[in-house]
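For reference, the chains in residue letters:
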Amino acid sequence: MGRLVLVFLALLLSACAQMPLAQAPARLFDDSRFQPPRQVLDATAIHAPSPAMQAYAAAVRQNRHGNEARQALLDALYRRDDLKLEYDAAITRTAAEAFAARHGNCLSLVIMTAALAEAAGIPVVFQSVPTADAWTRTGSLYFNVGHVNLLLGRQSGDRLPLYDPEVWKLVDFMPPDAASLRRAERIDRATVTAMFMNNRAAEALARGEVDDAYWWTKRAIATAPGLLHAYNTLAIVYQRHGDHALAETALRHALAHDPDNTMMLSNLVQLLQAAGRPGDAAPVQVRLAALQAAQPAPFHDFDLGRQAMAAGDYARARRLFERELRRDPYHAEFHFWLAQAAAQLGDLRAADEHLARAMAGSTTSADRALYAAKLERLRARTRPH
């Protein structure tokens, strides 16, 4: 099959991913097709603070640095000489795992911060933040990335007004633009837990562990049946397992609640075409085309740019990478390839700039190290001897 779009909650999904569902239909699942799960984590294990975290929270409660508990925690999160947290999207960690590693993606770091705050007696509110589409990919799987943050309240037994900036302080590890932050919506703990499970499913799929992906996805849907994108993940699990009828059932179930979802419409088109059902695919394709309105698919210009690089047409490659960056201006890989095109054209200043942006925007420690090394080599070439 061609490109399948899988939502990967490296950060978080936007609030529009929610459906008013109390329970998913049993017909969507068939446990008998899959091997038992190798790992089972319940909500308690995902959010539970470790003994080291409880000790840290106790220190926060004792007003370290003379500040109130909330301010002491905020200072620790953002100071490089304290918790020394680093963003790393390689895997989604539990609260305890993220604290021990001092690494995590936004979802992991938000779950960790919430666990620390609650252990210190600080009220917490989770938020999803609608952002412009951002994509990553692994092989033939394409991952749509969203965003999450949280609010820390004053210690108080009173009911706290949610949007009073004097009462709530924002914690955001990769803050988007101000307009996106203003559209943030409250989400509950069950939704955050389901997002964690859907992340783990996506990561298992990327490793080719389809059986584990099934169980993570099923538990995500059971935890928060209204999490729309988990049904898309379930469909891809079935497709990878060869269960195309079940994949179609999962997609059509989700599309019944969100008929304009281009991601799932695209997956349904490809599923029907691969099954040799062009007649069924055609009306779905028409609807998809009308919704997309000629907007290029993710990575379209980037792939063309890499082809141009391979052909030695560096000027065309540069234009294509720049066009892809207009769609997703923070994608590290796009900046990296634009830097290579610029270097081939002799524009070392632009190459330096985009390598630096690639390093700043990279989502894993390994990528940061790679881009930093390449940036150092480039700068070594341009230093006066």
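What counts as what
- Residues numbered from 1 in each chain as written.
- Predicted model: local features only at pLDDT ≥ 70, side-chain atom pairs only at ≥ 80, totals over all residues.
- Heavy atoms only, no water.
- Buried < 20%, exposed > 50% of the residue type's maximum accessible area, 1.4 Å probe, protein only.
- Helix = DSSP H or I, 4+ residues; strand = E, 2+ residues; numbered from the N terminus.
- Pairing = 2+ DSSP bridges.
- Contact = heavy atoms within 4.5 Å.
- pLDDT = per-residue confidence, 0-100.
- Salt bridge = Lys/Arg side-chain N within 4 Å of Asp/Glu carboxyl O.
- Expected span 1.5 Å × (residues − 1).
- Polar contact = N/O pair within 3.5 Å; in protein donor to acceptor, adjacent residues only side chain to side chain.
- Axes fitted to C-alpha atoms, helices over the stretch in contact; angles between N-to-C directions.
- Phe/Tyr/Trp six-rings, centres within 6.5 Å; stacked < 30°, edge-to-face > 60°.
- Parallel < 35°, antiparallel > 145°, perpendicular 65-115°, else oblique.
- Nonpolar A, V, L, I, M, F, W, Y, C, P; charged D, E, K, R; others polar.

(A) Local environment of the pairing of strand E4 (residues 124-128). Burial analysis of E4 places five of its five residues in the buried class, the great majority of the element. Pairing geometry for E4 and strand E7 (residues 148-153), over five bridges, is antiparallel. Across the sheet, residue phenylalanine 126 finds its bridge partner in E7, namely leucine 150. Direction of pairing for E4 relative to strand E9 (residues 185-187): antiparallel, over a ladder of three bridges. Bridging from a neighbouring strand, glutamine 127 pairs with arginine 186 of E9.

(B) Looking closely at the side chain of glutamate 248. Looking at where glutamate 248 falls in the secondary structure, it is placed in helix H10 (residues 244-257). With relative accessibility at 14%, the residue glutamate 248 sits in the buried group. When near neighbours in sequence (up to four residues on either side) are disregarded, glutamate 248 contacts Leu268, Leu271, Leu272 and Arg277.

(C) Fine view of the confidence of the model for the chain. Overall, the prediction assigns the chain a mean pLDDT of 81, with 78% of residues at 70 or greater. Within the chain, the lowest mean pLDDT, 44, falls on strand E1 (residues 4-7), and the highest, 95, falls on helix H8 (residues 210-223). Of the regions scoring below 50 in pLDDT, residues 1-17 engages in 89 contacts with residues more than four places distant in sequence or in other chains.

(D) A look at the pattern of salt bridges. Evaluation of the coordinates by the stated rule reveals 17 salt bridges. Where glutamate 209 meets arginine 38, a salt bridge forms, and the shortest distance between an N and an O atom there is 3.1 Å. Linking glutamate 209 in the loop between helix H7 (189-206) and H8 with arginine 38 in the loop between E1 and helix H1 (43-47), this pair joins segments that are 171 residues apart in sequence. Assessed through its relative accessible area of 23%, glutamate 209 is described here as partly exposed. Residue class for arginine 38 comes out exposed when judged on its relative accessible area of 65%. With its nearest N and O atoms 3.5 Å apart, the salt bridge here joins glutamate 322 to arginine 318. Here glutamate 322 pairs with arginine 318, and both are found in helix H14 (residues 314-327), just four residues apart, close to one helical turn.

(E) The arrangement of helix H11 (residues 262-274) in detail. Given a rise of 1.5 Å per residue, 13 residues ought to cover 18 Å, and the 18 Å separating the end C-alpha atoms of H11 matches this to within 8%. Counting buried positions over the 13 residues of H11 gives 10, a clear majority of the element. Where H11 is concerned, the buried positions are Met263, Met264, Leu265, Ser266, Asn267, Leu268, Val269, Gln270, Leu271 and Leu272. Between the side-chain oxygen at the start of H11 and the backbone nitrogen of methionine 263 there is a gap of 3.1 Å, and the oxygen is on asparagine 261. Backbone geometry just after H11 places glycine 276 at a positive phi near 70 degrees.

(F) Broad picture of the sheet that holds E7. Ordered by their spatial adjacency, four strands build an open sheet running E8-E7-E4-E9, and the pairing between neighbours is antiparallel. Edge positions in the open sheet fall to strand E8 (168-171) and E9, since each of these has one partner strand only. Put simply, the sheet's adjacent strands are angled 40 degrees from each other on average, direction ignored. Sheet strands touched by helix H5 (residues 106-119): E4, E7 and E8. Its angle to E7, the strand with the most contacts, is close to 15 degrees.

(G) Spotlight on the packing of aromatic side chains. Applying the stated criterion across every chain yields a total of 11 aromatic pairs. With centroids separated by 6.3 Å and ring planes inclined at 70 degrees, the aromatic side chains of phenylalanine 196 and tryptophan 216 adopt a geometry described as edge-to-face. Separated by 20 residues along the polypeptide, phenylalanine 196 in helix H7 and tryptophan 216 in helix H8 bring together distant segments of the chain. For the residue pair phenylalanine 196 and tryptophan 216, the accessibility class agrees, reading buried in each case. Relative to phenylalanine 334, the ring of phenylalanine 302 has its centre 5.0 Å away and its plane inclined at 45 degrees; by these criteria the two rings are tilted. With phenylalanine 302 in helix H13 (residues 300-310) and phenylalanine 334 in helix H15 (residues 332-344), the pair connects residues that are 32 residues apart, well separated along the chain. Judged by relative accessible area, phenylalanine 302 falls into the buried class, the value being 0%. An aromatic cluster is defined as three or more aromatic residues linked by ring pairs; in this entry it consists of Phe302, Phe321, Phe334, Phe336 and Trp337.

(H) Looking closely at the environment of alanine 90. You can see alanine 90 is positioned in the loop between strand E2 (86-87) and helix H4 (95-101). You can call alanine 90 partly exposed: its relative accessible area is 44%. A C-alpha to C-alpha distance of 7.9 Å links alanine 90 and glycine 104, two positions 14 residues apart in sequence.

(I) Representation of the packing of helix H2 (residues 51-61) against helix H3 (residues 69-78) in the model. Where H2 meets H3, the axes come as close as 8 Å, and the angle between the chain directions of the two elements is 125 degrees. Taken together, the axes of H2 and H3 are oblique relative to one another. Here Tyr56, Val60 and Arg61 of H2 come into contact with H3, specifically with Ala69, Ala72, Leu73 and Ala76. Considering only residue class, the contact of H2 with H3 consists of six nonpolar, no polar and one charged.

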